[in-house]
Amino acid sequence: MERFIEDYQKRRLTERVDIIAAINILRSQGCEYDDLIEEITKVFYVDLDTFNEIVMAA
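Keep in mind that this is a model prediction, so the values were computed, not measured. (Residues numbered from 1 in each chain as written. Predicted model: local features only at pLDDT ≥ 70, side-chain atom pairs only at ≥ 80, totals over all residues. Heavy atoms only, no water.)

A.B. asks: Summarise the nonpolar core; cite the residues concerned and give the values.
C.D. replies: Among the nonpolar cores identified, the biggest contains 13 residues, and I19, I23, I40, F44 and F51 are the most heavily contacted of them. If one sorts the elements of this core by residue count, helix α1 (residues 16-28) sits on top with four residues. Residue contacts for I23: discarding those within four places in its chain leaves L36, I40, F51, I54 and V55. (Core = buried A, V, L, I, M, F, W, Y, C linked by side-chain atoms within 4.5 Å. Buried < 20%, exposed > 50% of the residue type's maximum accessible area, 1.4 Å probe, protein only. Helix = DSSP H or I, 4+ residues; strand = E, 2+ residues; numbered from the N terminus. Contact = heavy atoms within 4.5 Å.)

A.B. asks: Let's hear about the packing of aromatic side chains: which residues, and what values?
C.D. replies: All told, the structure shown has zero aromatic pairs when counted by the stated rule. The aromatic ring of Y45 is capped on one face by K10, whose charged end is 5.2 Å from the ring centroid. Here the basic side chain of R27 rests over the ring of Y33, its NZ or CZ set 4.1 Å away from the ring centre. (Phe/Tyr/Trp six-rings, centres within 6.5 Å; stacked < 30°, edge-to-face > 60°. Lys NZ or Arg CZ within 6 Å of the ring centre and 35° of its normal.)

Now the structure itself:
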């Protein structure tokens, strides 16, 4: 998936529900679990601790 967003345009994802929604969208577009962090950080600044908690629980 090719996405290019300038850093100043990135939204912060710190809330668990927002991170889950972003993961669900990426998964629905065919993104594999191994590629989630790479794809999500292209578009958002992500709270990595929360992201890891969510992915590890899945």
